[in-house]
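Here are the chains, one letter per residue:
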Amino acid sequence: MTTLGQRDRRPEALGSLSVLPDETICVLLEYLAPRDIANLACVSSVMYILCNEEPLWMSLCLRRAKGPLEYKGSWKKTTLHLEGVAQENVAYRKPFHFDGFMSLYLYKRFYRCNTSLDGFSFDNGNVERRRDISLDEFSKEYDAKKPVLLSGLADSWPASKTWTIDQLSEKYGEVPFRISQRSPNKISMNFKDYISYMKTQRDEDPLYVFDDKFGEAAPELLKDYSVPHLFQEDWFEILDKESRPPYRWLIVGPERSGASWHVDPALTSAWNTLLCGRKRWALYPPGKVPLGVTVHVNEDDGDVSIDTPSSLQWWLDYYPLLADEDKPIECTLLAGETIYVPSGWWHCILNLEPTVAVTQNFVNKENFGFVCLDMAPGYHHKGVCRAGLLALDDENSEDLENDTHDEDDNTLSYSDLTRKEKRIRMNGGGETENQEEDANGVLKRYNMWKNGFSYNIDFLASFLDKERDHYNFPWSMGNSVGQREMRAWLSKLWALKPEMRELIWKGACIALNAEKWLRCLEEVCTFHNLPLVTEDEKLPVGTGSNPLEFYDILGRADSPLKTHIPEVLESGILFFEKGSYKVVPWDGKRIPDIISSSNFDFDASMLNSEFPFGIWNKTLREHRNQGKPAPDSFGSLSSHVWPYIITKRCKGKIFAQLRDDLTWNDAQNLASFLGQQLRNLHLLPYPPVTRPELLNMNAVHEELNIPAEWKVFVDALCQKKKDVTSRLENWGNPIPRALMTKIDEYIPDDFFVDLLNVFKDPNGGDESKPCTWIHSDVMDDNIHMEPYSDDSVDGQHNLWRPSHILDFSDLSIGDPICDLIPIYLDVFRGDADLFKKLLESYGLPLIRSRSPEENGTTKTTDSTRKKVLCPSYRTIIWDELRTAESWEQVEQTVWSLLKTY
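Remember, it's a predicted structure, so these values are computed and weren't measured experimentally.

### Let's talk about the overall build of the protein chain
1) Next: Secondary structure assignment for the protein chain yields 37 helices and 24 strands.
2) Next: In the protein chain, the proportion of contacts linking residues at least 24 apart, taken out of those at least 6 apart, comes to 76%.
3) Next: When the accessible area of the protein chain is evaluated, it comes to approximately 41800 Å², of which 48% is carbon and sulfur surface.

Rendered as structure tokens:
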């Protein structure tokens, strides 16, 4: 596009790239390094323009920034600072100006970056406003039903007077706060630096403070407000601090900033109180996807992600396209007011001026069922909860337009859904060439939403995939809590809220398929003439299991450890056949008929083994498979065949529930107990491994003459290295993000060459130190404690002693340090005295590298060993580690005691 007859310089300046829209070129530029962008700017006039766009440099900066960020007046200057380019070395020159180039895309973005909202007119909106509402009124009229604006709830808060931007900056200027999620990295800024940025920026989508840890960063802020009486029921409160998902946020942002369209995590409800400024809110009911928003639901694990324009762009480019009947519910939130957002509601917020707010999400009896539904494995229901019937494929959508739905007979089929990802989009935008066609499509789909969708728990639960089970299928990384935490949460609710058990049971059936497991348990108990479960025992708790082969190993070795793992009462196989459950006894030996009659691929080692599905065969099968899924594994039978063991119930509680109640003497006894039991475990014999059982014995292994069992261990580490980041993230959020982003570069790709040298015997030539059995998961929820009395001790304290170690299901062989490190980190939380006590009772020599005189590579190999074992740091809890900026700092802290052992 040109004006006044000027030559259009775009085709010549861009060459072959001129066929691409400007938006596409800008997106591609974001994948380049800053120095490449600088070089590309010298290619042509149009490239100069595109490569000097501030939004581009903002994106480049945020992708590279880690930890505290200091804004240098522009994103280009800030990026160059991060790249180590000294500003005094950058020659100052005025920017070039070129005629003959016009870009509607760049103009629109420029407008969004520089527009002021002062001239925009907003009405009061159509969200109902209430004051002095009672809890009973709120529950009947609004809770989990519709939004409401509430005034007066914050009148008595100190924050209503002190949470201004100037006062917060004066008091907390040096405190770092987390910034909105514009980057895969966790970015923070000192508050005074953020305020400086906020006052000078001209960004399209400005950064804003969005910090769920503000209470830890500035504890005094928590004293300035209290949870309003309408929202004090929160069922997540019973979770431990480490297990509870993020639930409260401090929000500070400039004009034009805000939260784009989203549904709150886990379908929780929320309240948001504004302390200064004005916010414009837009809301849609559950299932009504806003125009311009794309919902992605991963078919494998049900993880949900949303593509959406910024809040400012949506109001400028998409809102004008909507017919009056399709516009959202709107309101302007004023200082001192609180808005309530029910479960599942879409909402988008635009700051009309600089604002400060606080918000919290919560679970109560009204939204509990929806929270449980969102935790359930699968993807159908997650798509429908957010996108309504738009989540259906076109064929089912047409059928549903003509069908009448009722809550008693809802059987919507998803048999045709075969794609890895369902995408649900309401298209539209200022630059489309078919706006009328898009608008008609929007209206048709909105009518479908109105006629068929119901945000009703029974209706939504009908979309659950009953074949998917939380024990056997992936748990979404987007879920607020993990599988074990979910079971523990429901169990605590079951015990603490007996009056709500009907509701809790319904939630457990939705999230955990508890009804199915209760029926299975009843069948097993009946078969073995055992007492049926009581009302208190109905929920599946899931404390892990122990392989039957392991009991056999303990018995043959006559190990003292056998008295400290739960006793097996019965074992067998439960299977579903011809519409009913059946039970057969099974002691883990031989291949039972129900499995041999399947299409399972039995190799020679299984057929010749006493325990064909035992620990070692499982390990070898995984090794030979080299990380690839087996063509037919035992897991393929898990939907209708379930091996089980019944163990004697342990009296007492798990250590995780007692951590803060133990006396120092009991804690020391626990340390000695763990040292003794690890010693017993590590002294157990393990099956011999022959080289024909292995695959791919490469030249390095042959040259080093490494025993086959060490090769299995090191190869397992190699497989874990490939996806170490995702695996650590799946454990929840125990490891600081700053460390997570550095773990791949911390562990070298060829670590195994150095690591194999570590296991060489320093005195035995080519001999290697032996492997040991390793539990690898001795953490606070796998240690059982029992009460005891001691007349010599003051009776004011409850006394506890360790009795059992639970869950040997991940038993394997390898480096014994894999058992020591998790105990030091998770059980003892860095207490050096307790760890020394454990080492005293452990008493076994640990594998040593050769001395410097014998092997000049000691430093390298020993360091490599520390690096590759860091994935066993599943939990980094105590402050010295949580504030570490590098894995080297963690390494120095964790390994300091072992150096002197």
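### Description of the packing of aromatic side chains
1) Next: Scanning all chains against the criterion turns up 38 aromatic pairs.
2) Next: Ring plane angle 15° and centroid distance 6.0 Å describe the contact between Phe231 and Tyr340, whose orientation is recorded as stacked. Residue Phe231 is located in the loop between helix H12 (214-217) and strand S7 (248-253), and its partner Tyr340 is located in strand S13 (residues 337-341); the two are separated by 109 residues in the primary sequence.
3) Next: Residue classification places Tyr340 among the buried residues on the basis of a relative accessible area of 0%.
4) Next: One aromatic cluster is present, built from ring pairs that chain together Phe138, Tyr142, Trp157, Trp163, Tyr225, Phe231, Trp271, Tyr340 and Phe362.
5) Next: A cation over an aromatic ring shows up here: Arg63 above the ring of Tyr31, its NZ or CZ 5.2 Å from the ring centre.
6) Next: Lying over the aromatic face of Tyr247, Arg244 brings its terminal NZ or CZ to 3.4 Å of the ring centre.

### Description of helix H15 (residues 380-387)
1) Next: Burial of H15 is extensive: eight of the eight residues sit out of reach of the surface.
2) Next: Of the residues making up H15, those classed as buried are His380, His381, Lys382, Gly383, Val384, Cys385, Arg386 and Ala387.
3) Next: Among the residues trailing H15, Gly388 stands out with phi positive, at a value near 60°.

### Notes on the sheet that holds strand S6 (residues 209-211)
Backbone-to-backbone hydrogen bonds pair the strands of a sheet. The strands run either parallel or antiparallel.
1) Next: Taken in spatial order, the seven strands line up as S2-S3-S13-S8-S15-S7-S6 in an open sheet, and their pairing is mixed. Edge positions in the open sheet fall to strand S2 (129-131) and S6, since each of these has one partner strand only. Sheet twist, expressed as the mean angle between neighbouring strand axes with direction ignored, is 20°.
2) Next: Pairing geometry for strand S8 (residues 269-276) and strand S15 (residues 355-362), over seven bridges, is antiparallel. Note on S15: the bridge partner recorded for Ser269 is Phe362.
3) Next: Against the sheet, helix H11 (residues 191-200) contacts S6 and S7, and its axis sits at roughly 40° relative to S7.

### Quick look at the packing of helix H14 (residues 368-375) against helix H19 (residues 483-496)
1) Next: Relative to each other, H14 and H19 sit at 155°, their axes nearing to 12 Å. Here H14 lies roughly antiparallel to H19, going by the angle between them. Seen from above, H14 lies across H19 with left-handed handedness. Across from Phe368, Val371, Cys372 and Met375 in H14, the residues of H19 making contact are Met486, Trp489, Leu490 and Leu493.
2) Next: Here the residues of the contact of H14 with H19 sort into eight nonpolar, no polar and no charged.

### Digging into the sheet that holds strand S23 (residues 799-805)
1) Next: One open sheet holds the three strands; their spatial order is S20-S22-S23, and the pairing between them is antiparallel. The open sheet is flanked by strand S20 (653-654) and S23, the only strands paired with a single partner.
2) Next: With two bridges connecting them, S20 and strand S22 (residues 783-788) associate as antiparallel partners. Residue Ile654 lies in a different strand from S22, and its bridge partner there is His784.
3) Next: Sheet strands touched by helix H26 (residues 664-682): S22 and S23. Its angle to S23, the strand with the most contacts, is close to 15°.

Reading the values: the criteria
- Residues numbered from 1 in each chain as written.
- Predicted model: local features only at pLDDT ≥ 70, side-chain atom pairs only at ≥ 80, totals over all residues.
- Heavy atoms only, no water.
- Helix = DSSP H or I, 4+ residues; strand = E, 2+ residues; numbered from the N terminus.
- Contact = heavy atoms within 4.5 Å.
- Areas by Shrake-Rupley, 256 points an atom, 1.4 Å probe, with all protein chains shown as cover.
- Phe/Tyr/Trp six-rings, centres within 6.5 Å; stacked < 30°, edge-to-face > 60°.
- Buried < 20%, exposed > 50% of the residue type's maximum accessible area, 1.4 Å probe, protein only.
- Lys NZ or Arg CZ within 6 Å of the ring centre and 35° of its normal.
- Pairing = 2+ DSSP bridges.
- Axes fitted to C-alpha atoms, helices over the stretch in contact; angles between N-to-C directions.
- Parallel < 35°, antiparallel > 145°, perpendicular 65-115°, else oblique.
- Left-handed = near helix turned anticlockwise from the far one by under 90°.
- Nonpolar A, V, L, I, M, F, W, Y, C, P; charged D, E, K, R; others polar.

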